[in-house]
Amino acid sequence: MVRRFIGTRSRLWLYVIVVALLVFGVSGIGFAAHPLITDDAGTQGKGKFQLELTGEYGHDKEDGVTTRETGLAATLTYGIVDPVDIVIGLPYQYIRVKDSEGKIRVDGISDIPLDVKWRFYDNEGLSFALKPGVTFSTGDSEKGLGTGKMTYHVFLIGSKEVKPWAFHVNLGYNRNENKAEERKDIWHASVATTYDVAEKWQLVGNIGIERNPDPGSNNHPTFILGGVIYSPLENLDLSCGFKGGLTRSETDYAIILGLTWRF
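Here, residues in each chain are numbered from 1, in the same order as that chain's written sequence. Since the coordinates come from a predicted model, pLDDT governs what is reported: local features require at least 70, and pairs of side-chain atoms require 80 or more to be given and counted, while whole-chain, interface and lining totals use all residues. To get the side-chain values, all heavy atoms of the structure are used, and hydrogens and water are removed first.

## Focus: the overall build of the protein chain
We apply this condition: Secondary structure elements are taken from DSSP: a helix is a run of H or I of four residues or more, a strand is a run of E of two residues or more, and numbering for both begins at the N terminus. Classification of residues uses two cut-offs on accessible area relative to the type maximum, computed with a 1.4 Å probe and protein chains only: under 20% is buried, over 50% is exposed, and between them is partly exposed. Residues are treated as being in contact if the distance between any of their heavy atoms lies within 4.5 Å.
Of regular secondary structure, the protein chain possesses zero helices and 16 strands. Scored against the burial criterion, the 263 residues of the protein chain give a buried share of 48%. Pairs at least 24 apart in sequence give 58% of the contacts found in the protein chain among residues at least 6 apart.

What follows is the structure, given as structure tokens:
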């Protein structure tokens, strides 16, 4: 979940990305990896870990207000049993807002998410999973770093792989409890694909939309993303991506970098 603090003086609003996934799979499970927004139905396996270190720089300009946001996050996944993972993230944000009246800078830890992924169906490569979770109100809502209340969400997940392609679709719901008088019911839908161009290289693409949390707007944030994943080792991925906004309410563009280590 990403939030933006913007304003002509101090206007606060949230940009929420909550994902629930529906993905179809044919021969084996393909992992919809970073930098994709879309998740997959795969799990780590009992006793196995995955650590993701990610960074994102976003730039947006609207009505004379320029917002630059840098987000850093560490996400740890642990396989409780083969079909069940627990996932916890630690996000940090640095937000800079500039308009004709001056500059605003805020930074700090934002709301912390905790999820459980359960792969409940897996037969001949066709897999489905549920990913419910909560987000704790650890961020300072007055600075735009959090909602000020605990939120919860649920994802429906699946995966389909037809070598060298893999395809993923997301459907999700977030109960956006907040102190900013935003919409509380946020839906999300997205589609992603990966393509193996070489033994250690993948090209990725992603497109998605979610309901605008601003109750006064029906212009819903819509994005498109392209990127590459390089795997120098079997258990190590390096990734980068570029995300562009397709609607006025989405961030104009974002540059995304990541490292994923499985152990």
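## Section: the confidence of the model for the protein chain
As a reminder, the rule being used: As a per-residue quantity, pLDDT reports the predictor's confidence and falls between 0 and 100.
Put simply, the protein chain has an average pLDDT of 87, and 88% of its residues get 70 or more. Per-residue pLDDT stays below 50 along residues 1-31; that stretch engages in 170 contacts with residues further than four places along the chain or on separate chains.

## Some points on the nonpolar core
Threshold: We call a set of buried Ala, Val, Leu, Ile, Met, Phe, Trp, Tyr and Cys residues a nonpolar core when their side-chain atoms join them within 4.5 Å.
Residues Ala33, Leu36, Ala192, Val204, Phe223, Leu225, Ile229 and Ile256 constitute the largest nonpolar core, which totals eight residues. The leading source of residues in this core is strand 14 (residues 222-233), at three residues. Apart from residues no more than four positions distant in its own chain, Leu36 is found in contact with Ala192, Thr194, Val204, Gly205, Asn206 and Leu225. Core analysis: the next-biggest nonpolar cluster, separate from the first, contains five residues, Val65, Ile95, Val106 and Leu145 among them.

## Details of the pairing of strand 8 (residues 126-130)
Rules: Two strands make a pair as long as DSSP finds a minimum of two bridges between them.
Relative to strand 8, strand 7 (residues 112-123) runs antiparallel, the two sharing five bridges. Considered in strand 8, the bridge of Asp122 is made with Ser127. The antiparallel pairing of strand 7 with strand 8 creates a hairpin that spans two residues between the two strands, and Glu124 there sits at a positive phi of about 55°.

## Looking at the packing of aromatic side chains
Just so we agree on the cut-off: Stacked, edge-to-face and tilted are the three classes for Phe, Tyr and Trp ring pairs, Trp counted by its six-membered ring, which pair at centre distances within 6.5 Å; planes under 30 degrees apart are stacked, over 60 edge-to-face, the rest tilted.
This structure, assessed with the given rule, holds 10 aromatic pairs. Ring geometry for Phe120 and Phe128: centres 6.4 Å apart, planes at 25°, overall stacked. Using a relative accessible area of 37% as the deciding quantity, one classes Phe120 as partly exposed. Since its relative accessible area comes to 18%, Phe128 is described here as buried. Within the aromatic cluster, the residues linked to one another by ring pairs are Phe49, Tyr78, Trp261 and Phe263.

## Focus on a nonpolar patch on the surface
Selection criterion: Residues enter a patch when their relative accessible area is above 30% and they make no salt bridge; the linking distance is 9 Å between like charges and 5 Å between nonpolar side chains (Val, Leu, Ile, Met, Phe, Trp, Tyr). Only the protein chains shown count as covering a residue, and every accessible area follows the Shrake-Rupley method with a 1.4 Å probe. For this analysis, a salt bridge means a side-chain nitrogen from Lys or Arg found within 4 Å of a carboxyl oxygen belonging to Asp or Glu.
A contiguous nonpolar surface patch, about 680 Å² in accessible area, is contributed by Trp118, Phe120, Tyr121, Leu130, Tyr152, Val154, Leu156 and Tyr173. Residue assignment for the nonpolar patch shows that the elements contributing at least two residues are strand 7 and strand 10 (151-162). Using a relative accessible area of 34% as the deciding quantity, one classes Tyr121 as partly exposed.

## Quick word on the pairing of strand 12 (residues 185-198)
Both strand 11 (residues 165-175) and strand 12 contribute to a ladder of 11 bridges, which runs antiparallel. In the strand pairing of strand 12, Asn174 is matched with Ile186. Counted between consecutive antiparallel strands, the loop separating strand 12 from strand 13 (residues 201-210) contains two residues.

## Focus on the environment of Ala180
Take Ala180: it is sitting in the loop between strand 11 and strand 12. In this structure Ala180 comes out as partly exposed when scored by relative accessible area, which is 28%. Once the C-alpha coordinates of Ala180 and Gly146 are considered, the two residues, 34 residues apart in sequence, prove to be 9.8 Å apart.

## Quick notes on the pattern of salt bridges
Evaluation of the coordinates by the stated rule reveals 12 salt bridges. As a salt-bridge pair, Asp185 and Arg175 come within 2.9 Å of each other at their nearest N and O atoms. Here Asp185 is found in strand 12, whereas its partner Arg175 is found in strand 11, with 10 residues between them in sequence. On the basis of relative accessible area, Asp185 is assigned to the partly exposed category, the value being 33%.

## A word on the environment of Ile256
Secondary-structure assignment places Ile256 in strand 16 (residues 253-262). Judged by relative accessible area, which is 3%, Ile256 ranks as buried. Taking the C-alpha atoms as reference, Ile256 lies 9.5 Å from Leu36; in sequence the two are 220 residues apart.

## Some thoughts on the side chain of Thr66
Secondary-structure assignment places Thr66 in strand 4 (residues 65-81). Once you skip the residues sitting within four places of it in the chain, Thr66 turns out to touch His59, Asp60, Lys61, Arg96, Val97 and Lys98.

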